[in-house]
Structure formats: structure tokens, C-alpha cells
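Listed below, chain by chain, are the residues.
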Amino acid sequence: MTLALRLALRDLRGALASFRLFLAALAVGVAAIAAVGNVTAAIEAGLARDGATLLGGDAEITLTYRFARPDERAFMDATAARVSEVVAFRSLAVAGGDAAVRALTEVRGVDDAYPLLGEVVLDPPMPLAQALAGRDGTPGAVMEPVLASRLGLTPGDRFRLGARDYVLAARLTGWPDDGDGGFGFGPRLILRTADLAGSGLIAEGTLFSTLYRLRLPLGTDAATVHAELDRRFPDSGLRWRDAGEGLPGTEQVVDRVGAFLMLLGLAGLAVGGVGVGAAVRAWLARRVTTIAVMRTLGATGPVIAAAHLFQIALVTLAGIALGLALGTLPLLLAAPAIAALLPLPAVFGLYPVPLAQATSYGLLVAALFTLWPLARVERIRPAVLIRDSGGAGGWPRWPWLLAIAAVLALLVLAAVRFTGTARLTLAVFAGIAVTLGLLALAGHATRLVARASRGLARGRPALRLALASVAARGGATVATVLALGLGLGTLSAVGQIEGNLRASLLAGLPRAAPSFFVLDIQPDQIDAFRARLAGDPAVRSLEAAPMLRGIISAVNGVPAADIPGAPWVLRGDRGVTYAATPPEGTVLTAGAWWPEDYTGPPQMSFSAAEAETLGLHPGDTVTVNILGREITATVTSLRRVEFQSLGMGFVIVLDPAALAGAPHSWIATLTADRAAEARLFDNLTAAFPNITVISTRAAAARVAEVVGKAALAIRVAAGVTLGAGFLVLIGVAGTGEAERRRETAIARSLGASRRVMLSSLVLRMALIGLAAGVVALAAGFLGGWAVSRLAMDIAFHPVWPQAVAVVAGGIAVATLAGIGLALGPLNARPASLLRARE
Amino acid sequence: MSDSPPEPAIMLRDVGLTLAGNAGPVDILHGITLDVARGEALGLVGPSGSGKSSLLMVMAGLEPPGRGSVTALGRDLGALSEDGRALFRRDHMGVVFQSFHLIPTLTALENVALPLELAHVGDAMSRARGELAAVGLAHRTGHYPAQLSGGEQGRVALARAAATRPELLLADEPTGSLDAASGQAVMDLLFDLRARHGATLVLVTHSPELAARCDRVVRIEDGRIVP
């Protein structure tokens, strides 16, 4: 063993330069994994640091439409050291008399315990209690400066909320519970919940949530409390969240960004592996003579294999160290800029777990891609010294195969652990295996086509040389197609997913959105509301529907918590409505609507797309918790629902009898001429002070800002991966370089000009690139589809410009690199190359 | 009672070699039967492509014969695995190639030390230094092959082949790529080494002068021994 190590060290000393590609490729792969791990760890640390404060407590229990019942509140008081109750809803604040100004605001009604954690900062500075105490019998409130200036208010001025007056005591410049800060639709306003009495804003059926923040005694396990809560109040519709989990409204963003980062990690890994494999093959091809000489001198196969294994191991360690540095240092240096891009708090630092993870990946990938070529080393026969035969071919011996299988199994296990999803990981590995098979077929087919096309090359020496090189038995054609195709396929998949993810985020931005959402229309107001708009020529359309909110608690009797994959439709509460007849424009995709006068057991119409993710069919049952009451209904029809137009989209429609007597309000969408929007807004809010009118223009701008940020982050991350991947492709161009160097020397000694040789090289790369590119295109689309649909739950459409740009760009980069590599031999005198060979 | 004759150093019996070519199998050697006595210097001569080098490779166990048997120092090489033959060469053989095949990433000293290290010789480096001095290259120990002249490379290859004091020395046209003066110097060294260590020498050569320095000359044509 020491002999092998000594030989390895001695060899390395003179051959470090030949490991440049190996080092670069491995470093790229390890850096990708390390960077993904570091960003994830930074977000986790950020959440751990800020989570409780952002959440407003160690845990939060949310209720929709109602306050906690006495028994529920008693449980909270008994469990927590302190409890704070916050009421959250949207409303319009009104300032001024006749020429009133109205502005949408996110209202938080608080109690004396608020805030449990952190501080509220006011301008002018004063305690929150003092600000909310009010003046001269008028209750106090604080609001964000942007809202105050929109309403033209300064501290001391009065304004109206619903049917009650308040005095602005101070501007609200800082508050701790900002968990939904990035996702709210209006500036914040804080007042005392007790002071909402008489405002008419918290009536039965209006849209509000109550948030109970719990400060748990030290040492209390949040999960235990959660389990106990579920056990004690199984059908109450209570939703639990603790500081260890995500933040309100961020799950989908976190899920998708997380899935995309994971994909970038895997892509970096695969492309790095391709580069590592190409580098090792090229290195060993140059070592054949040396290995044969060693065998002549008496070195056994194991000694030779061990010497080469040691070299690979040492270079692997160097590559991993480089990768860790590349995946960590830029993040640390650019931490503030990256943190600003992320929609969540992040604390960048040196985290051992992601670094250890990246190290183990680097080791496994290097082992996987080098064991096969290394296994062939011991098959190199000394006869190679007298003739070009006796090189390594065929399958490795079984101990090598066993080792390769073990490494592959470990890698799959590690990837499953890393991604947290066995299905997707296995699908990715299966996809890679299928792609490799197709590429091998494409490579062989290219060889055969090149051989059969030799007749075309008569009188065209460049084409003859290119076809001969591609057709050569034992040449580098198949290996190059494999490496180039796998690299391009992976990068193409990244491009497809980036395109589709961005498209899905941008599709969330409304195109044909209504002018206004109107919330909290009371049942006794709906007729007057309709009548007021009916004769207005500026109103182009009005849709109104009863609005309740409910949580899907079971599907076919299986509790939602036990349904695998946690589809978004099961997370949080959903809008629920009822209708006797199908609302206008309804498209049923399965089943039939209930009779108009139906009064039997509850029936339900479900959104078709969401039904598909749940595996729901007509005849199945869904249980919804509405206002604490469990309603189990039979699904009798499925409907097509468009959620992305900011219009009304209800996942669930029930028959009217199912919701008879349930207190509720109405929601409406209103489309009007733009010039009349301001007039309509003033008119409606004056006539119905309790309703909330939301201009979608403002909401859309807010969504656009968040989406723009996420899209930019995704584009930057994908761009970095594509750039690094192209670097690896440059190395892949070096596959079979020694062979081409010899061809060049011989052809030039026979009188081939440099132009002919360059043309032949470009033709060769074009043929190989075509074979690799076609498979890579298909693999990219397939990979993009699989990740989009299986991991991210977004729609997939082939993004052709992206696909063609990535594949053509990759082939161009590899061809240019091949030309670069050929320039040396082309400019050298052929005699020197032939002498060097001998 | 009579003394049985000593066993030959190398014994070939009906050796044939066929290789796969692009246009089908090519017969390289046909039924070669040949003994090389211990301590003998045997010259193999013949035109290019006659099979001399292939015969030498078969004797060295570098190329397994398709038919017949090869026995070296009483060991049937055909019965040994690829690794077994490698170990046999390590312990008993030195081979010199026409193009020397020095390992480009190793210095002259390390090239010579390599077979000694493979044989687990403790003072490999100092012995290698002595071997290089014996071929007049004490001042070139730290040079890489690319930094040596053709003649110097040939001397390093000789020193490497002789380093383990092999009983069998096989050389394939070691002067073929050298000028007359360098070739003469290398051959003097080769015969000198053989004389000093009493090794059996098999030498493939085109040169009638070199062949004349051997104890016996065998002529090969078209893969057969001709009288």
C-alpha cells in the first residue's frame, strides 16, 4: 500500500495540470451542493433567530371568522405562560368629511398582552398602551406612515374605520410580528380589539381571523402542545403554527424556491460528475503506455489500480476543498445582497452540516464516475507497447462492479435524504439512466451513419476525416456523445424549469383582472349593492357570491394530515361558496350539478385541477370544517377553475341547503371603466361603510413586486449554474484529444492544411453535437416536466427558445473549446508530434 | 548414470500467435520451437514484420501465445495469470524496448528505482543511483526523460532493466532509434551488463554486427524459424 501511495505521489507531482478539468468539474458540483446547503441553513438559522418574534410568540393558533371558545381559551391559558389575542382583517380607513379620502389597511386589533415578543416602535416615541388609550373618549390607533400620508393625517387627527371614529396617536414605524409582512395587501394599522365595538367591522360572517400567540414555558415541547390541542379539539378548525415551522403565507414560495435550489444542487452534481468522468477517461488514456511499462516491470494490477486510486483520492480531496470554498465564501462576502433577494430572513455563516453534506456528495460522485474507468486500468496489457491493442475494454471484474453498485446505492440514499423526496429523487436517477441509454444508442447510431455516409466524402477531405473520426471503432464518439448529452440534458432541464417557474410566478400576475374586490357585504346589503350598480353604464360586469371560509379536514374519511404530499389545497383555509345553479361561465368536467331545489344530504362541486392532485372523483366524500362545524359532502361534479386571474375562484361550491343558516357575508368582483373607478370607489364606500373595497391595481402592484424579486433570484441562481455547467462542457470537448492530436499530425504530414483540419473538427463536433443535442432536448423537456409537475406542482409548457439556446450554446461552447485545444497541434510542426508519439 | 543436460532458460514449444486485424485474423507466429540455454546470448534477426518483436514479447510473457507453451526458468508462463507473469518479470526479467518507454512523469533515478521498489527492495534509491552511475549517468539522476538525449534514454532503460539483476535480459532493437555512436555505447553497456551478471540475453536486431556479438543467431521469416 505504501508503495502504491509513493507511486501516486510521484506521479501526481508531474501531472497536476492534467487534473485541471477534474478539479474544476468536481469543484463545480460540490460548490453547487454546498451553496444550496448554505442558503438553506442560513434561512433555517434566520427563522430560528427571528421565527418566534416574526410569529409573535413561540406558537400561534389561528381561527377563521370567530374568537376562541371559552374551553379553547382555557386550554391556551393553562398551557402557555402568556397568551395574546390579535384580530386581523382588512378594512378601509376614511379621513375627512365630504371630500373623504379612503385607503385600504390591514387592521390588527390587539389586547394588553401585545406584543408578546419584541417591541412596537412609534413616532413620536411613546408606549403602545398610551397611544391606544386615545384622547377625550375617542379610542386611539397607530398606523404606518404611508397610510397616514395617503389619508393626509398627522398625529392627533381623527379618522373613521367602519362606523366608528379613532384618533391617530402616532405613526407606526416598527413592529415585531412581521411574519406576513411581505404578503399583506395594505399598510398596517393597530388598535385595541375592545375599541372595535360599535364599528360594525367584526360582525358575524365578516372575514376576520383571530390569532392567539402563545409564549410557552421554558422546556415545553411545541409539538406536544400541538398534539394535545388536536386531541382536545379535533374538529374545531384550529390551525397551529410554531416558530419551528414556516411563516404564514410563505409556504408556497419556500416550497418552490426550495425545490428549485434542490434541483440546482442535483444538476450541479450530475454535470460535475460528467466532467469528472470525462477527465478521468482522458487522463487514463494518456496513461496507457505508462501503465503497460509498469506491468512490464512487474507491477501487478492491484498495485497499479491502488496507485491510480490514491491519485484520484488526493485530487478529489483538493477538488472538494475548492468546491467548499467556492460554495461558501462568495455567499459570505455577498451575504447582505443575497439576504435582500430572499423572501425570508437569512443568517449566513459557516455551517458544518451542509459542508459535510457537500463533502460526502463530492466523495460519492467522484467515486461513482471514476471507479469504472479505474477498473479498466488493471486490464491494460503490456502488449499495448508494441501495438495499439491490449487496451482496456469489456466489463470490470465483479469486485469493482460491486463497489460501483454500493457507491450508487449510497448516492441515491444520500440524495433522497438531501431532497427529502424519494419519488422525485428516484425519478431523477431513473431519468438519468434512461438518458444515458438513449445517448449510448445515439452515439452508436451516429457512428454507423458516419460509416455509411463515407461515399458522400469523395473529394471532400475535411468531411472524410470527420466521418472517419466519428466512425472509428474504439474512438471517442460514444464517450463524447454520452458526456456532452448528459451535461446538455441537465442544463436544458434547468432552463426548462427556470422558464416554467418564472412563467408560473408571472402568470400569478393578473392580466384581465377586475377593477375591485369587494369584501364583507352583509346578506341584507347584497340586494342594495347590486341595485346601486345595476344602472351604472361604467360597470361592465359584476359577480357576487356568498363567501365562507373552510378547512378541508378529511378526504374519503382520511384525515387531511395523513394525506401524503400535503397538496396546497389542504393547507390553510379555502374560500367556500354555495349556489343553487351553476354560476355563469361554469365548465363542468365531470358529474352533474344538483337540482335547483335540492335539500338532501350535502353535495359538493370541486375544482377539477385540485381534485386531480387529491385523486378525487365524483362519488368521493370531502369533509370541510366551516365555523367549527364539520360538513361531509359527496362530490357530485368537477369544475374548471381559473385561479390566476385575480377573479373569483372557489375550490369548493356546496349546495345551498348544506350551508343553510351558516352566518356569512358576500364577496363581489367588479369590472368598470378605468375612468369611473375612483367615483365608484367613493360611491360604494360612502353608501356601505362596513364593506371593504380593494383596488386590484394596488394589490397587483404588490404581488408584482414579490414575484419580481423571486423571479430575479431564480434567474440569477440558474444563470450561475448554467455558466458553471458550460465550463465543464469545455472540458468534455477534450475527450479523445490525444487521438485527434495523432490524426492531426498524420493528416498534416500528408498535406492537409490547417483549414481542412479545422473544418473537419467543426464537422465532427457538429455530428456529435447533433446526436447529443437531440437526446438532450428530449431529456431537458422530460426533466423539466417531471420536476415542474411532481416537485413544484406548477404547469409545464416547453420553453423552446430556452431549450434551443441552452443546447445550441452548449454545442457551440464545446466546439469552440475543441478548436482551442486543436490550435496547439495545428500550429506545431507535424514531425514534432510524430516524434513525440514514437 | 549420466548427467542430464541443464534445463534451458527459455523453452518454446510449437508457439503460435494470431491477432485480430481489421480485415480478419492475422497469423503472426507459426509453430515456433526454440530453446535458449542459460547464460546464452541469442540474436533474433529477420526482415521487418517477420514476427521477431512478437516472439520476444511472447518470451517475456507480455503477449500470451495462442498455441503452444512458453517456459521460462522452469515456469510455464501460460499457467500464470497476467499478474503472475508481472511478478515473474519483476523477479527474473529485464526488458528493453526500442523506444525505451521511460515513464515521462518520473525522473531518471525514479525510473530506475521503480522495479526495485516494486520488488520491495529496501535501498531502492541508492541502488538505482549506483545503476545510473554504472551507465555513466550519475549526473543526470534528477532529469526527466524529455530532458535526456536518445542515447541517454537508452542508457536509463538499460539501467532500469538491469537494476534487479535479472536472470533474463530481453531487448527489442535497443539501438534502432539511435545514431551509430550512441547505439554502439548502449550495446557495449548491454553486453557488459550481461557479462557482469551472467544473465541470459535475447536480442532482437537488424544489425549483422550486433548479431555477430551473440553466441547464436536465429533467423525469423514470416513467423517461422528458418535455417
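Predicted, not measured: the structure shown is a model, and the values here were computed from it. (Residues numbered from 1 in each chain as written. Chains lettered and ligands numbered in written order. Predicted model: local features only at pLDDT ≥ 70, side-chain atom pairs only at ≥ 80, totals over all residues. Heavy atoms only, no water.)

> For this particular structure, what's the right way to read the overall build of chain B?
Along chain B, the regular secondary structure elements total seven helices and 10 strands. For chain B, with 227 residues in total, the buried portion stands at 54%. Once local pairs closer than 6 in sequence are excluded, the contacts in chain B between residues at least 24 apart make up 70%. For chain B, the exposed surface amounts to about 9,200 Å²; the carbon and sulfur share of it is 51%. (Helix = DSSP H or I, 4+ residues; strand = E, 2+ residues; numbered from the N terminus. Buried < 20%, exposed > 50% of the residue type's maximum accessible area, 1.4 Å probe, protein only. Contact = heavy atoms within 4.5 Å. Areas by Shrake-Rupley, 256 points an atom, 1.4 Å probe, with all protein chains shown as cover.)

> Please explain helix H12 (residues 422-452) of chain A as it appears in this structure.
One turn of the α-helix equals 3.6 residues, which is why residues spaced by three or four share an orientation. With 31 residues, H12(A) should cover 45 Å at 1.5 Å per step; its first-to-last C-alpha distance of 45 Å lies within 8% of that length. Residues of H12(A) that are buried include every one of A:Leu424, A:Thr425, A:Phe429, A:Thr435, A:Leu439, A:Ala442, A:Gly443, A:Thr446, A:Arg447 and A:Ala450, and no others. (Expected span 1.5 Å × (residues − 1).)

> Explain the sheet that holds strand S7 (residues 168-172) of chain B to me, please; I cannot follow it from the model alone.
Strands pair in a sheet through their backbones, by hydrogen bonds, and they do so in one of two ways: parallel or antiparallel. All names here are of chain B. The six strands lie next to each other as S6-S7-S8-S3-S9-S10, forming an open sheet whose pairing is mixed. What marks the edges here is a single partner per strand, and that holds for strand S6 (93-96) and strand S10 (224-226). Going across the sheet, the axis of each strand differs from the next one's by a mean of 25°, ignoring polarity. Sheet topology places strand S3 (residues 41-45) next to strand S9 (residues 216-221); four bridges connect them, and they run parallel. When the sheet's bridge partners are listed, Leu44 is paired in S9 with Val218. Running over the sheet, helix H1 (residues 52-59) touches S3, S6, S7, strand S8 (200-204) and S9 and is turned about 155° from S7. Contacting S3, S7 and S8, helix H6 (residues 180-197) runs over the sheet at an angle of about 155° to S8. (Pairing = 2+ DSSP bridges. Axes fitted to C-alpha atoms, helices over the stretch in contact; angles between N-to-C directions.)

> Quick question: what am I supposed to make of a positive patch on the surface here?
A cluster of like positive charges, contributed by A:Arg451, A:Arg454, A:Arg458 and A:Arg464, occupies part of the molecular surface. Within the secondary structure layout, A:Arg464 lies in helix H13 (residues 461-471). (Patch = residues over 30% accessible without salt bridge, like charges linked within 9 Å, V, L, I, M, F, W, Y side chains within 5 Å. Salt bridge = Lys/Arg side-chain N within 4 Å of Asp/Glu carboxyl O. Lys, Arg positive; Asp, Glu negative; His and termini not counted. Charge placed at Lys NZ, Arg CZ, Asp CG, Glu CD.)

> Even after reading the chapter, I still don't get the interface of chain A and chain B, so can you show me in this structure?
In many reports, interface size means the accessible area that the parts give up when they come together. The interface is formed by 28 residues belonging to chain A together with 31 residues belonging to chain B. Buried surface at the junction of chain A and chain B, both sides included, amounts to about 2,600 Å², of which 60% is carbon and sulfur. Linking chain A with chain B are four salt bridges, by the criterion used here. With a closest N to O distance of 2.6 Å, B:Asp83 and A:Arg295 form a salt bridge. For the side of chain A that touches chain B, the secondary structure elements donating two or more residues are helix H1 (2-15), helix H7 (251-296) and helix H8 (301-333) of chain A. Across the side of chain A that touches chain B, the residue classes break down as 12 nonpolar, seven polar and nine charged. (Buried area = accessible area lost by both parts, 1.4 Å probe. Nonpolar A, V, L, I, M, F, W, Y, C, P; charged D, E, K, R; others polar.)

> Would you explain a nonpolar patch on the surface in this entry?
Residues A:Leu5, A:Leu9, A:Leu314, A:Leu317 and A:Leu363 make up a contiguous nonpolar surface patch of roughly 410 Å² in combined accessible area. Counting only elements with at least two residues in the nonpolar patch, the list comes to H1 and H8 of chain A.

> Please explain the pattern of salt bridges as it appears in this structure.
When the charged atoms of two side chains lie near each other, side chains of opposite charge can form a pair. Summed over the entire model, instances satisfying the criterion amount to 29 salt bridges over all chains. One salt bridge in this structure joins A:Arg108 and A:Glu106, with 3.3 Å as the shortest N-O distance. Across the salt bridge formed by A:Asp536 and A:Arg679, the nearest N and O atoms sit 3.1 Å from each other. Of this pair, A:Asp536 sits in the loop between helix H15 (526-534) and strand S12 (539-555) while A:Arg679 sits in helix H17 (residues 677-687), placing them 143 residues apart in sequence. Judged by its relative accessible area of 42%, A:Arg679 is partly exposed. Each member of the salt-bridge network shares a partner with another, and the members are A:Arg6, A:Arg10, B:Glu110 and B:Glu117.

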